[in-house]
Amino acid sequence: MEDCIFCKIIKGEIPCSKVYEDSNVLAFLDIGPVNHGHTLVIPKEHHKELKDIPDELLKNVIVAVKKISSAVKSGVSCDGISLNMSNGEEAGQVVPHAHVHIIPRVKGDGLKLWPQNTYEDGEMDKVCGKIVTFLNE
Ligand code: AMP
Ligand code: ZN
């Protein structure tokens, strides 16, 4: 097992406010919440990013995210839920153990997820084509 901070939480070496646990997945409250109830869901196996998580394990993670999202929404009586997963340092990933943020949202909480850009004429189809090429390999 890796020596990362989330692996230490899984091993019980660092405490956490545990929300959910099964044989594949652990979920606990984020210590720096956007809003109260902000929860992190992680695979117990150490994988850095989404692309590294084996498909079968990933299914367990996303099903847990669904179940826990409902419990968070009821538990903190929020208006909605945003999900976030940063993959890679450049994308804002600080802890190198794959994790999904379940973020309770309340009306007017001011959280702005991302600014929106535009495409020049014809550019959208070109970009789409480049992505599709890799899916068809
Ligand atoms: P990210 O920026 O997506 O890598 O998110 C890492 C998250 O882990 C941050 O939101 C931190 O607040 C959270 N975090 C770091 N250490 C702990 C910890 N010991 N217990 C709970 N959450 C943590
Ligand atoms: Zn780890």
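This text gives an overview of the structure that appears in the document. Note that the structure is predicted; figures quoted are calculated from it, not measured.

## Here we look at the overall build of the chain
Then step 1. Each helix and strand in the chain was counted, giving three helices and five strands.
Then step 2. The buried share of the chain, reckoned over its 137 residues, is 33%.
Then step 3. Carbon and sulfur atoms provide 54% of the accessible area of the chain, an area that totals close to 9,300 Å².
Then step 4. Seen as two clouds, the 15 positive and the 20 negative side-chain charges of the chain have centres 6 Å apart.

## Remarks on helix α2 (residues 55-76)
Then step 1. Helix length check: α2 (22 residues) gives 31 Å between terminal C-alpha atoms against 32 Å at 1.5 Å per residue, within 8%.
Then step 2. All buried positions along α2 are accounted for by Leu57, Val61, Ala64, Val65, Ile68, Ser69 and Val72. The arc that holds the buried residues of α2, viewed along the axis, is 150 degrees, so those residues lie on one side. Of the exposed residues in α2, the ones pointing more than 90 degrees away from its buried face are Asp55, Glu56, Val63, Lys66, Lys67 and Ser74.
Then step 3. The inward-facing, buried residues of α2 abut β1 (18-21), β2 (25-29), β3 (39-43), β4 (80-84) and β5 (100-105).
Then step 4. A positive backbone phi angle near 50 degrees is found at serine 77, which sits one or two residues after α2.

## Digging into the site of ligand 1
Then step 1. Around ligand 1 sit 15 residues in total, of which Asp30, Val94, Val95, His99 and His101 are the nearest.
Then step 2. Interatomic distance of 3.2 Å between a backbone N/O atom of isoleucine 31 and a nitrogen atom of ligand 1.
Then step 3. For ligand 1, whose free accessible area comes to 500 Å², the fraction covered by protein is 81%.
Then step 4. Breaking the shell around ligand 1 down by element, the ones donating at least two residues are α1 (5-11) and β2.
Then step 5. Of all the elements, α1 adds the most residues to the shell around ligand 1, at three residues.
Then step 6. Of the residues in the shell around ligand 1, the class split is nine nonpolar, five polar and one charged.

## Overview of the packing of aromatic side chains
Then step 1. Under the definition given, this model contains one aromatic pair.
Then step 2. With centroids separated by 5.3 Å and ring planes inclined at 80 degrees, the aromatic side chains of phenylalanine 6 and phenylalanine 28 adopt a geometry described as edge-to-face. Of the two residues, phenylalanine 6 sits in helix α1 while phenylalanine 28 sits in strand β2, which places them 22 residues apart along the sequence. Taken individually, phenylalanine 6 and phenylalanine 28 each receive the classification buried, so the pair is uniform in this respect.

## Side note on the coordination of the zinc ion (ligand 2)
Then step 1. Surrounding the zinc ion (ligand 2) are the protein donor atoms Cys4 (SG), Cys7 (SG), His46 (ND1) and His97 (ND1), at 2.0 to 2.3 Å.
Then step 2. Each of the four donor atoms bound to the zinc ion (ligand 2) contributes to angles spanning 102 to 116 degrees, and the resulting shape is tetrahedral.
Then step 3. Overall, histidine 97 belongs to the buried group, its relative accessible area being 0%.

## Observations concerning unusual backbone geometry
Then step 1. With phi around 50 degrees, serine 77 is a residue other than glycine that occupies positive phi space.
Then step 2. Locating serine 77 in the fold gives a position in the loop between α2 and β4.

Reading guide: rules and limits
Residues numbered from 1 in each chain as written. Chains lettered and ligands numbered in written order. Predicted model: local features only at pLDDT ≥ 70, side-chain atom pairs only at ≥ 80, totals over all residues. Heavy atoms only, no water. Helix = DSSP H or I, 4+ residues; strand = E, 2+ residues; numbered from the N terminus. Buried < 20%, exposed > 50% of the residue type's maximum accessible area, 1.4 Å probe, protein only. Areas by Shrake-Rupley, 256 points an atom, 1.4 Å probe, with all protein chains shown as cover. Lys, Arg positive; Asp, Glu negative; His and termini not counted. Charge placed at Lys NZ, Arg CZ, Asp CG, Glu CD. Expected span 1.5 Å × (residues − 1). Arc of directions from axis to C-beta. Contact = heavy atoms within 4.5 Å. Near = heavy atom within 4 Å. Polar contact = N/O pair within 3.5 Å; in protein donor to acceptor, adjacent residues only side chain to side chain. Nonpolar A, V, L, I, M, F, W, Y, C, P; charged D, E, K, R; others polar. Phe/Tyr/Trp six-rings, centres within 6.5 Å; stacked < 30°, edge-to-face > 60°. Donors = N, O, S within 2.8 Å, 3.2 Å for Na, K, Ca; no water. Tetrahedral: all angles 85-135°; square planar, octahedral: opposite > 155°, others 65-115°.

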